[in-house]
Amino acid sequence: MDLCALSSCPAFANRVTPSDPRRPLPLPSYSQWGLDLLAQPQHRLNQMKKRSSGVYASLSERGDYYSQRPPTPLLDTINYPIHMKNLSTKELKQLADELRSDVIFSVSGTGGHLGSSLGVVELTVALHYVFNAPQDKILWDVGHQSYPHKILTGRRYKMHTMRQTNGLSGFTKRSESEYDCFGTGHSSTTISAGLGMAVGRDLKGRKNNVVAVIGDGAMTAGQAYEAMNNAGYLDSDMIVILNDNKQVSLPTATLDGPIPPVGALSSALSRLQSNRPLRELREVAKGLTKRIGGHMHELAAKVDEYARGMISGSGSTLFEELGLYYIGPVDGHNIDDLVAILNEVKSTKTTGPVLIHVITEKGCGYPYAEKAADKYHGVAKFDPPTGKQFKSKATTQSYTTYFAEALVAEAEADKDIVAIHAAMGGGTGMNLFLRRFPTRCFDVGIAEQHAVTFAAGLACEGLKPFCAIYSSFMQRAYDQVVHDVDLQKLPVRFAMDRAGLVGADGPTHCGSFDVTFMACLPNMVVMAPSDEAELFHMVATAAAINDRPSCFRYPRGNGIGVQLPDGNKGTPVEIGKGRILIEGERVALLGYGTAVQNCLAAASLVERHGLRLTVADARFCKPLDRSLIRSLANSHEVLITVEEGSIGGFGSHVAQFMALDGLLDGKLKCKCKRKAFLIWSKLNLKSVPEMKKANIAILLRKLVHDIHSALFALVEMFTKVTARPHNRHIKI
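First things first, this report covers the structure right here in the doc. (Residues numbered from 1 in each chain as written. Predicted model: local features only at pLDDT ≥ 70, side-chain atom pairs only at ≥ 80, totals over all residues. Heavy atoms only, no water.)

**Side note on unusual backbone geometry**
Residue P134 follows A133 across a cis peptide bond; omega there is 5°. Assignment of secondary structure puts P134 in the loop between α5 (121-130) and β1 (137-140). In this chain, G328 is followed by P329 through a cis amide linkage whose omega measures -5°. Residue placement: P329 occurs in strand β6 (residues 325-331). We note that K489 has phi near 55°; this positive angle belongs to a residue other than glycine. (Helix = DSSP H or I, 4+ residues; strand = E, 2+ residues; numbered from the N terminus.)

Dropping the structure here:
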């Protein structure tokens, strides 16, 4: 069967077939492009969702897709975009079908972001056919939809390494390829970056194109509008492609299905407008009226706006007001249309930013993704013919689920507790809270800044807001945390998921810095649970803190299986009070967060060699349990702090306190041996959870080695100098 049979994403009617696909295509008449779309907009959008029955029935005896990777004769000849330039339109369609199949089978072996990549296959082919990357800059917002882009830009042979040690990043990454002109991972950044590249190009007198692809979900963030506003003012040539798939760019599926993007754009915007004569006439008029100036220029602008409104409808008003020339909507799965429009925009001699509104379907071309509520946004390894994902069965639930259950239990007892998340209902567990308290859970869109200040406003009114945001995404709202919450001592509670190493998503999603940037604030209480039971207690503790802000961090992954509090209701712990888990001698391990479990494992290994270590759970980074640290320092020869974080985190706070408290003073000056437990420049972060499971002994042996090294160093010093034993503080 020809792969073209798999192209199940219907296109708009009245396609244009060019006589020569290598030349800029003349745009069809207005009637061709969609007077019927204006007359029946809902009907046309429904057409995009229809599927003919039985299309996939003969593909596999086991399911609705191929059981083996089908041949890709055309894709096999494409190593870089330059190899696409002489393809016909028919061949471009075949290439798209082969590329879609290649993405499906590649992701089936690695896991990753499938649905978003399938939705932009035709768009990716059209972009690389029309534009000349890497001279022309193509930016992918978030970057999770960039798998087809990676395959077409020399990285197909590495797709089996996606999101693995020393493998390809799951997002665009500048150091990985010259075709990745901007690194991504977080949303809503590409219009800003693209505008910077466009202005930089103009200042250097270059002539290349800049194209920023951004999803409708990412358009819920304020930065996208700030960038468009500035782009309209600077008037530099650039193209913004709005990839509208009626899904946010991050997995926000709820128990009842996916939530539409907050503030989503209307599906019935204006019809296509990229007629060259009209645009060039518009530019001529702009030039003349600018010379005349004043009232005449204002009048001409109003006439132009009115004329476009008569032709295109009112849907484009928002973008026009921001200064972008609007084109759309366009069928994002129709290569004929995409190539025609991109060629037209590229060849038009005009100035200013252009926005092309493209309608796509997430998961397009893979039946299981199309039918799934989350469109297979992020998947584990799976079986292509059946769509079955190979998810390991855990005996415990995730920390995310435990947090949600703890918060629900607290909210049952306290009607003032409310929850806020930034388009991450599934990722933060807030979909569980939403089901129980639909009027007390707020999804603000991909807008972390707004989420924090919104929570601050709720706190001003006597409510108890829990703001659930990933650790790495909290970085996007740091000014609001400082200015709007901490300095005003407002009792907002920050639940920071994905703290520490997160594995396959890589450095952009690792919760590396939250301890550092939260613990330096004057009024913030900073804590971290060592296991899931402690998480329940810290949720209760945060709920009880009403005079200042607080935060707690917890990792991606599952609990360790400890007994949970009755009824999921935690007990508040004393602020700034740690605990000793094992009483030992000579060496003390002071752990923070789930790193305490590594301390317990290391103590078990060392005990086999006749040394019993002390293991303590700090619980709090701010305020520190000073009496606990003094006790450990005065009764042990070596004190080692263990954490998952960066320099300036828990170990740094302990070291500073010890220095100020005189615990490091003495006739012998003991240096503070600082080894980052997470060495970002040396550890490949994409596979750390797997590394923890398979090679946890490596990390533990490192910890034990440092313990022995410290003891040997002490013995060596004691043989050279007669003095009483002094303390050594080592951060690893």
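**Re the packing of helix α14 (residues 399-413) against helix α21 (residues 532-544)**
Each pair of packed helices can be described by the angle between their axes along with the distance between the axes. As a packed pair, α14 and α21 sit with axes 9 Å apart at the nearest point and diverge in direction by 40°. When the interaxial angle is binned, α14 and α21 end up oblique. Crossing of α14 against α21: the hand is right-handed. Along the contact surface, α14 presents Y399, Y402, F403, E405, A406, L407 and E410, while α21 presents E532, L535, F536, V539, A540 and A543. Tallied by class, residues from the contact of α14 with α21 come to 10 nonpolar, no polar and 3 charged. (Axes fitted to C-alpha atoms, helices over the stretch in contact; angles between N-to-C directions. Parallel < 35°, antiparallel > 145°, perpendicular 65-115°, else oblique. Left-handed = near helix turned anticlockwise from the far one by under 90°. Contact = heavy atoms within 4.5 Å. Nonpolar A, V, L, I, M, F, W, Y, C, P; charged D, E, K, R; others polar.)

**A few points about the pairing of β6**
Within β6, 7 of the 7 residues are buried, leaving the element largely enclosed by the surrounding structure. In this region the chain leaves β6, passes through helix α12 (residues 335-347) and returns to the parallel neighbour strand β7 (residues 353-359); the handedness of that crossover is right-handed. (Buried < 20%, exposed > 50% of the residue type's maximum accessible area, 1.4 Å probe, protein only. Right-handed = clockwise from strand over helix to strand, strands pointing away.)

**Looking at the packing of aromatic side chains**
Within this structure, the stated rule accounts for 18 aromatic pairs. A ring pair is formed by Y366 and Y368, whose centres lie 5.4 Å apart and whose planes are at 65°; its orientation type is edge-to-face. As far as burial versus exposure is concerned, Y366 and Y368 are alike and both buried. Judged by centre distance (6.0 Å) and plane angle (55°), the rings of F403 and F552 are tilted. Residue F403 is found in helix α14, and its partner F552 is found in strand β13 (residues 550-553); the two are separated by 149 residues along the sequence. Here F403 and F552 have matching classes, each one buried. These aromatic residues form a ring-pair network of at least three members: Y65, Y66, F105, Y366, Y368, Y376 and F382. The cationic tip of R440 hangs over the ring face of F437; the distance from NZ or CZ to the ring centre is 4.3 Å. (Phe/Tyr/Trp six-rings, centres within 6.5 Å; stacked < 30°, edge-to-face > 60°. Lys NZ or Arg CZ within 6 Å of the ring centre and 35° of its normal.)

**What to know about the sheet that holds strand β17 (residues 620-622)**
Taken in spatial order, the 7 strands make up an open sheet running β9-β8-β10-β11-β13-β12-β17, and their pairing is mixed. For this open sheet the edge positions go to β9 (441-443) and β17, each flanked by a neighbour on one side alone. Strand-to-strand twist of the sheet, defined as the mean angle between neighbouring strand axes without regard to direction, takes the value 20°. Note that strand β11 (residues 493-497) and β13 share 4 bridges and pair parallel. (Pairing = 2+ DSSP bridges.)

**Describing the sheet that holds β7**
As summarised here, the arrangement of the 5 strands in space is β1-β2-β3-β7-β6, forming an open sheet in which the pairing is parallel. Looking at the sheet topology across the chains shown, the edges are occupied by β1 and β6. Each strand of the sheet is rotated relative to its neighbour by a mean of 20°, with strand direction disregarded. As paired elements, strand β3 (residues 238-244) and β7 share 7 bridges and run parallel to each other. Each bridged residue has a counterpart across the sheet, and for N243 the counterpart in β7 is V358.

**Considering the pairing of strand β15 (residues 586-591)**
Of all 6 residues in β15, 5 are buried, a share of seventy percent or more. Here 6 bridges tie β15 to strand β18 (residues 636-642), and the two strands are oriented parallel to one another. Bridge pairing in β18 links A588 to L639. As judged from the 4 bridges shared by β15 and strand β16 (residues 614-617), these two strands associate in the parallel manner. When the bridges of β16 are listed, G591 appears paired with D617. Note that the unit made of β15, helix α22 (residues 596-607) and β16 has a crossover that is right-handed.

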